[in-house]
Amino acid sequence: MKPVSNLSQVPFVDGELYFVPLGGSGEIGMNLNVYQCDGQFLLVDVGITFGDDSTPPGIDVICPDISALRSVREQIVGIVITHAHEDHVGALHYLWNQLKAPVYCTPFTASVARRKLGEAGLLDQVPLHQVLPGSHLQLGCFDLEWVTLTHSIPEPNALVIQTAGRCVFHTGDWKLDPHPLEGDHYDDRRLLALGESGVEFVIGDSTNATVEGWSGSEAECHKALLEVIAKQPNRVAVTCFSSNTARLASLGDVAHETGRRVTVLGRSLFNYLQTAKSTGYLKNFPELVPTEDLDYLPRSEQLILATGSQGEPRAAMARLAKGEHQDLLLEPGDTVVFSSKVIPGNEKKLDRLYDLLSQKKVHVVTEKEAPIHVSGHPCRDELRWMYRALRPKHVIPVHGEERHMAAHAELASELGIGSARVVNGDVLHLAASGATMMAKVATGRLGLSGSSLVPLNHRALTERRALADGGLMTLTVVLDKKARLATEPQIQFVGVPAGEMDPESLLSDLQYAVEELLSELNSRTLQSDDALRNELQREVGTLIRRWLGVKPKQLVNLIRL
Ligand SMILES: [Zn+2]
Ligand SMILES: [Zn+2]
């Protein structure tokens with residue numbers, strides 16, 4: 001099916017409900033889901049994803065391309081953010097100017113969103129409405145209910161969306177944690193009641209659909225952290241996801257239980273601690289010791305919380321590992337605990353960090369050595385529990401890569417529930433008989449380059465990759481009115497090693513080759529900028545490839561006097 005560029009080109013029928021994922025289906029990250037009914041659009045989540053080895057150099061943040069919404073912007077009745085993780089709220093301040101619709105979320109998420117919007121100078125412009133967990137709201141033709149679940153951040157919400165006679169349960173991110181430590185328990189009574197009243201569609205989290213069993217509880221994680229930290233004779237530094245308030249609460253308790261004082265390193269930890277406290281969480285979290293006071297404490301009484309659980313080079317943990325942190329030097333006999341999972345793609349970065357720490361004779365504990373991390377997403381037994389409670393007629397797996405969504409669909413069919421597969425851009429009609437794909441809209445990825453959002457396939461970014469892969473050669477040729485060389489050709493290399501060759505003779509050999517070429521070309525080629533540039537690129541490119549075995553990007557400047 002050929003994608004249309006705009007949602008206004010899709011032949012939506014009034015009185016019917018449609019679902020269009022623009023991000024987060026077929027990938028983990030940058031969730032952005034659209035519901036359409038009676039000419040109105042509801043957005044659920046506006047998230048980012050992070051760059052990896054496959055993205056152009058310098059692109060760390062990626063947003064979904066929402067140009068398909070451009071022509072229907074005025075019909076957007078609201079943007080609901082289910083919870084405060086970056087893959088759900090992280091693109092709000094980058095994309096809001098293209099949406100300009102009111103935003104609805106629960107208080108913790110609102111506090112995180114407010115900080116991001118404030119940093120982007122948008123706080124005064126965005127109508128940000130706080131909704132209490134468990135409440136109802138009518139947005140245009142959409143009747144919405146927030147249902148409390150558990151996850152790895154405060155206030156994870158599912159949304160019940162009712163309109164056009166349909167009832168959709170949009171899970172957001174969730175797990176079933178019987179002891180979440182911080183925040184509310186999942187609302188099992190409401191889930192069972194919804195099953196009684198009739199849920200037709202579940203649109204849900206597939207992240208752990210390939211994993212059997214249960215994801216485990218934050219309480220078990222607390223126990224394991226206590227066991228690990230209690231055994232350490234010296235300083236302990238722990239890194240975890242800064243937004244995991246329950247984990248921070250556990251670490252605060254463990255500090256108390258092991259007679260340690262807590263110091264925090266890294267801005268995002270300070271931000272989330274502040275957000276959590278200001279919204280009523282982390283009530284028993286110990287008072288922090290300023291880093292400059294650490295010297296007064298024996299190492300055995302120190303617990304350091306540091307950002308950078310994924311080996312991010314600028315975060316506190318990477319600096320500690322390299323011995324470059326301005327406030328603290330780890331010493332032999334200290335312990336570093338990674339209370340987090342390794343996000344695929346970060347393995348090499350983290351292995352380097354573990355090696356650096358080992359070189360310093362710092363003991364490293366990861367989730368491989370002890371159960372000090374639990375996932376925030378439902379494993380297969382939790383999915384089974386949810387579907388037995390909700391008894392949906394159809395499941396649409398989202399929030400996963402293909403294999404996760406396939407495993408999710410297969411689990412639904414094991415329970416006798418129908419399923420439909422989607423990827424970003426599919427327009428699904430949600431009817432009583434099931435979901436059918438009726439159109440496709442264009443989607444894509446935009447990389448954040450400085451303050452601009454640029455399509456990842458934009459020429460500037462493909463050029464950037466080519467520069468990073470092969471370096472650059474510039475050739476400047478100045479010609480007089482008769483198209484003869486007015487000066488020596490100027491050649492420069494950036495990021496291209498001369499290898500076995502002497503750099504001086506490489507340049508002079510190339511200069512000579514350019515002079516020879518110009519003397520041999522006919523006047524028609526010499527008079528045409530395009531033809532001359534092509535000839536120069538071909539000749540010089542062939543020689544560089546032959547002599548150095550590389551293909552740098554070439555920039556040929558022609559100057560005619
Ligand atoms: Zn999440
Ligand atoms: Zn997520």
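Shown above is the structure to which this text applies.
Everything quoted here is computed from the prediction, not taken from an experiment.

Caption draft 1: Structural context of the overall build of the chain. For the chain, the helix and strand inventory stands at 15 helices and 27 strands. Projecting the C-alpha coordinates of the chain onto the three principal axes gives extents of approximately 85 × 70 × 45 Å. The buried share of the chain, reckoned over its 561 residues, is 55%. Contacts in the chain between residues at least 24 apart in sequence constitute 72% of all its contacts with a sequence separation of at least 6. As displayed, the chain has an accessible area near 24500 Å², and 49% of this comes from carbon and sulfur atoms. Measuring between centres, the 54 positive side-chain charges of the chain sit 3 Å from its 69 negative side-chain charges.

Caption draft 2: Expanded view of the pairing of strand β10 (residues 142-148). Buried residues dominate β10, accounting for 6 of its 7 residues. Bridge count for strand β9 (residues 136-139) against β10 is 4 bridges, and the pairing is antiparallel. Note that in β10 the partner of H136 across the bridge is E145. Where β9 hands over to β10, the hairpin turn is made up of 2 residues, of which G140 adopts a positive phi near 60 degrees. The pairing of β10 with strand β11 (residues 157-163) spans 6 bridges and is antiparallel. Bridge pairing in β11 links E145 to V160.

Caption draft 3: Region of interest: the pattern of salt bridges. In total, this model carries 25 salt bridges according to the counting rule given. The shortest N-O distance in the salt bridge between E410 and R380 comes to 3.0 Å. Remark: R380 occurs in helix α10 (residues 380-390) and E410 occurs in helix α11 (residues 402-414); sequence separation between them is 30 residues. Note on E410: relative accessible area 40%, which makes it partly exposed. Measuring nitrogen to oxygen at the nearest pair gives 2.5 Å for the salt bridge that ties D426 to K440. Of this pair, D426 sits in strand β21 (residues 426-431) while K440 is found in strand β22 (residues 434-440), placing the two residues 14 residues apart along the sequence. Look at D426 and you get buried, because its relative accessible area is 4%. Shared partners join several salt bridges into a network, and the residues in it are E212, R380, D381, R384, E410 and E414.

Caption draft 4: Region of the structure containing the coordination of the zinc ion (ligand 1). Only H83 (NE2), H85 (ND1), H151 (NE2) and D173 (OD) from the protein coordinate the zinc ion (ligand 1), and they sit 2.1 to 2.3 Å from it. Between the zinc ion (ligand 1) and the zinc ion (ligand 2), the interatomic distance is 3.5 Å, and D173 donates to each metal, bridging them. With a gap of 68 residues between them, H83 in the loop between β6 (76-80) and α1 (86-89) and H151 in the loop between β10 and β11 connect regions that are remote in the sequence. In this structure H151 comes out as buried when scored by relative accessible area, which is 7%.

Caption draft 5: Local environment of helix α9 (residues 347-359). Given a rise of 1.5 Å per residue, 13 residues ought to cover 18 Å, and the 18 Å separating the end C-alpha atoms of α9 matches this to within 8%. Looking at α9, one finds that the buried residues are L350, L353, Y354 and L357. End-on, the buried residues of α9 take up no more than an arc of 100 degrees, which puts them together on one face. Summarising the geometry of α9, the exposed residues directed more than 90 degrees from the buried face are K348, R352 and Q359. On its buried face, α9 is in contact with α8 (316-322), β17 (335-338) and β18 (363-365). One or two positions beyond α9, positive phi appears at K361, with a value near 60 degrees.

Caption draft 6: Focus on the packing of helix α5 (residues 218-230) against helix α6 (residues 245-257). Axis separation between α5 and α6 bottoms out at 9 Å; the angle between their running directions is 35 degrees. Handedness of the crossing formed by α5 with α6: right-handed. Side by side, α5 and α6 meet where E218, C221, H222, L225, L226 and I229 of the first sit next to A246, R247, S250, L251, D253, V254 and E257 of the second. Of the residues belonging to the contact of α5 with α6, the class tally is 7 nonpolar, 2 polar and 4 charged.

Caption draft 7: How the structure looks around the coordination of the zinc ion (ligand 2). The protein atoms donating to the zinc ion (ligand 2) are D87 (OD), H88 (NE2), D173 (OD) and H399 (NE2), with metal-donor distances spanning 2.0 to 2.2 Å. Geometry at the zinc ion (ligand 2) is irregular, judged from the 4 donor atoms that bind it and their angles of 88 to 159 degrees at the metal. Between consecutive donor residues of the zinc ion (ligand 2), the sequence gaps follow D-H-x84-D-x225-H.

Thresholds, definitions, all that
Residues numbered from 1 in each chain as written. Chains lettered and ligands numbered in written order. Predicted model: local features only at pLDDT ≥ 70, side-chain atom pairs only at ≥ 80, totals over all residues. Heavy atoms only, no water. Helix = DSSP H or I, 4+ residues; strand = E, 2+ residues; numbered from the N terminus. Buried < 20%, exposed > 50% of the residue type's maximum accessible area, 1.4 Å probe, protein only. Contact = heavy atoms within 4.5 Å. Areas by Shrake-Rupley, 256 points an atom, 1.4 Å probe, with all protein chains shown as cover. Lys, Arg positive; Asp, Glu negative; His and termini not counted. Charge placed at Lys NZ, Arg CZ, Asp CG, Glu CD. Pairing = 2+ DSSP bridges. Salt bridge = Lys/Arg side-chain N within 4 Å of Asp/Glu carboxyl O. Donors = N, O, S within 2.8 Å, 3.2 Å for Na, K, Ca; no water. Expected span 1.5 Å × (residues − 1). Arc of directions from axis to C-beta. Axes fitted to C-alpha atoms, helices over the stretch in contact; angles between N-to-C directions. Left-handed = near helix turned anticlockwise from the far one by under 90°. Nonpolar A, V, L, I, M, F, W, Y, C, P; charged D, E, K, R; others polar. Tetrahedral: all angles 85-135°; square planar, octahedral: opposite > 155°, others 65-115°.

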